Amino acid sequence: VEAGFKTAADLALYPFRFAHGHPFYAAAPGQLQGSTWSEHVRKVAEAVPQQTLQALQADSSQVLEVSGSGLFFIDTAKISGGQLRCRGLVVRHGGTLLFDDAADLTLSVEFVLVESGGVLQAGSHFDDRFRYTHALNIKLTNPDAGFTAMACVASQYSYIAYNPGVRLTDDPSRQFQDFTGSQAMFNNMFGKKVVANGFNGNIHLASALPARAQYLGTWGASSSSEAKHDVIGERDMLTYFSGADAAQKAAAKQCNIETAYPVCWSRLRDGRYGPGTDHTDHVLLEPRDTRAESGAPLSAKDLQWPVGARVVISARSPGGYLTADDPTGTGMLPLWLDWTSKADRDANQRANDTILKGLKAGVEVATIKAVDTDGDAIKVSFARPLKLLHDSSRHKMTRTLVDGSQSSCYVDTQLHVALLSRKISISSDFSSAPGDGGCNVRPWDKPPTGQCCGCPGEQTIVPNYEAGAGNNVYAACYKTLYEQTKTGPPKVDDELLNYWGDGAAPPRPKGHWLYGTTGLQGPNSILGGHTMFRYGSGAVLDGVELWRLGQPGNFGSIGRYPLHCHLSGAAQSFSAYLPEGAAGKFGRGMEILNGSCWLSFNRWYTVHGSQEVNIKNNTGFVSQGSGFFLEDGTEIHNTMEHNMAVACLTAPPNPYWNPAPILPNVSSDFGQPSAYWMKNNMNALFRNVACNSPNPVIGVWAVPQKIAYLRGPSSVCVGDAA
């Protein structure tokens, strides 16, 4: 904690700053100038007093810090080999870091931290002309020594800045005690291998997107075998607004509902795709999903699905829903990841042949070779023939009427194809850990060396390296807290928080074909990175790919998700510490749009103790545990709209998808996780799709929570700091 940043009043020293192009600004440097993002960056740089750095000698031992009122931009065209590596990247104290859009760049760092008026920006969400068009990959790394050798990223501010109950008069030396009895519940830490957004920090990433298509409904049923809507929007009258009608479009904006979306996912046209069909190396997109806002069909060129991009194609069991007669006993259709690595491809094929008994229909990833127009449909061709069968035929339902005649209707049960690749991505790097290193929980053959993760005694909350039986999470972490509490909630049944029961400890983790890490050994093979957006921060992630992120419970921590709004407060309406003149007109914002999150070790998109977050038009593919997750029940006024959830997995050890095993955060992930999880009905959840998750995963879990009985920091009311 830096000197001078200890009290709540000190938060005003560096107020929140909007990203370039935000409508708050009427003049430079916020107003977008030029015709592209690259031109804008250079025009702004010319207008700002600058000190030219002839060469930035960065290496893995250094942290690059951008601070003060100046502006720093990374000229991607001058980065040798398109690779920039340093230990960490910090943007704070009013500093601005812009990525120039001149060439592809991979930024390899252990962590990124943005806070105290700092802005990190690539592209602009406010004007499509200024979106980022080159590949920018923020790759989160770790040293060979792994988790234990990494520093825990922390804010410059004291923990009181992240306590939603803080008051301006609070004494920073006071040990705040919530009803769990734990001051540590409110901390200023973000964890390790993280993209962190702290108080008054702003992360703004906006990549080039596919063309926008009008929304015409997600499903329909008719007496005709042809898949078409005779009346636009008739299937979704409660949420349909015409984008062509000015009044309806205005009403949709008032209701925070979209009239059109970038085509990040689409239904497949009626038909069968894959081996033994007429469509062995391509799919056809449903024409209803590729109409421009004007109503005219989009062309292949308009669509802008780039060659080399990866997509996921959903599936349906040839025999209908998988039930007790499932020959594999897994409740799961095969997955095919289309890795380029021979080791991963061979391992994937062996698992499909032996564990899933060679089932023909399944979910697969494919790489785009070409996009063409085929009649009234768009044809997406792949670099290699499809491996699995995808039956996208409409389902015919027939019933016998009282007069003995039969009546039939055809229901939209088409499959889907979703774009996984984006120009901007945040991903994890993996390696083999030397010896038994690389984890903060003790190896099975060594005695305990100290306290782990703040839990009582010399206990680890995860049994992955425990010599004996698995630890009980309740006993290790929660029981003591409840015993210290006089007015807290009733004790929780031990079984509800027992990660592993009384069984033997699981084996040392290793890589797996599901994540493209076959052959890797030890903790570093499952050490994914994560993101965290804390109280008072603002973010726009528009068209961002989150790949192989999330830290599983194996590392003794919880709450490490690919996308994590953690106690972020009211993202739109929190008006304190904004630029002068902005309060009452503009908010910080938390917009998670048009992205993808795939091959996650721990959920996809998580909102915890946060309000007014928009999660729209994203795709999740393969998650250990629940996917789109509104965590506690204190979350209100959040919107999950038009998202695609494919293959949300249960977390117990499984020979097919979880042999490591990867351990989750909460007990529900062992039993019945869900593609969409929410515990407060004051949230909007509509136009979403969930498919291809194994038994017993639920599509939507919407059970209201008795908030008064909640434990933890999200249950504390917002104080008077605003």
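Everything below is about the structure shown above.
All values reported here derive from a predicted model rather than from experimental measurement. (Residues numbered from 1 in each chain as written. Predicted model: local features only at pLDDT ≥ 70, side-chain atom pairs only at ≥ 80, totals over all residues. Heavy atoms only, no water.)

## Here's the deal with the sheet that holds strand S5 (residues 96-99)
In a beta sheet, neighbouring strands pair by backbone hydrogen bonds and run either parallel or antiparallel.
Step number 1: Taken together, nine strands build an open sheet; the order of strands is S2-S5-S8-S13-S30-S33-S36-S39-S42 and the sheet is parallel. Whereas interior strands pair on both sides, the edge strands pair on one side only; in this sheet they are strand S2 (71-74) and strand S42 (684-686). This sheet shows a mean twist of 10° between the axes of neighbouring strands, independent of strand direction.
Step number 2: Pairing geometry for strand S36 (residues 614-616) and strand S39 (residues 639-641), over three bridges, is parallel. (Pairing = 2+ DSSP bridges. Helix = DSSP H or I, 4+ residues; strand = E, 2+ residues; numbered from the N terminus. Axes fitted to C-alpha atoms, helices over the stretch in contact; angles between N-to-C directions.)

## Looking at the side chain of Asp 669
Step number 1: As for its position among the elements, Asp 669 is in the loop between strand S40 (644-649) and strand S41 (674-678).
Step number 2: Judged by relative accessible area, Asp 669 falls into the buried class, the value being 0%.
Step number 3: Other than its neighbours up to four places away in sequence, Asp 669 contacts Arg 603, Gly 625, Ser 626, Thr 650, Ala 651, Pro 652 and Pro 664. (Buried < 20%, exposed > 50% of the residue type's maximum accessible area, 1.4 Å probe, protein only. Contact = heavy atoms within 4.5 Å.)

## With respect to helix H4 (residues 342-354)
Three or four residues apart is the spacing at which side chains of an α-helix point the same way, because the helix has 3.6 residues per turn.
Step number 1: Taking 1.5 Å of rise per residue, 13 residues should cover 18 Å, and H4 covers 18 Å from first to last C-alpha, within 8% of that figure.
Step number 2: The inward-facing, buried residues of H4 contact strand S21 (335-336).
Step number 3: Where H4 begins, the capping side chain belongs to Ser 341, and its oxygen is found 3.3 Å from the backbone nitrogen of Ala 343. (Expected span 1.5 Å × (residues − 1). Polar contact = N/O pair within 3.5 Å; in protein donor to acceptor, adjacent residues only side chain to side chain.)

## Some words on unusual backbone geometry
Step number 1: One non-glycine residue, Lys 193, lies in the positive phi region at around 55°.
Step number 2: Looking at where Lys 193 falls in the secondary structure, it is placed in the loop between strand S11 (189-191) and strand S12 (194-197).
Step number 3: With phi around 55°, Arg 548 is a residue other than glycine that occupies positive phi space.
Step number 4: In this fold, Arg 548 is placed in the loop between strand S31 (544-547) and strand S32 (563-570).
Step number 5: What makes Arg 548 buried here is its relative accessible area of 10%.

## Side note on the sheet that holds strand S25 (residues 395-400)
Step number 1: Ordered by their spatial adjacency, three strands build an open sheet running S15-S26-S25, and the pairing between neighbours is antiparallel. Each edge of the open sheet is held by one strand with a lone partner, namely strand S15 (221-222) and S25.
Step number 2: With six bridges connecting them, S25 and strand S26 (residues 406-411) associate as antiparallel partners. For Thr 400, the partnering residue across the bridge sits in S26 and is Gln 406.

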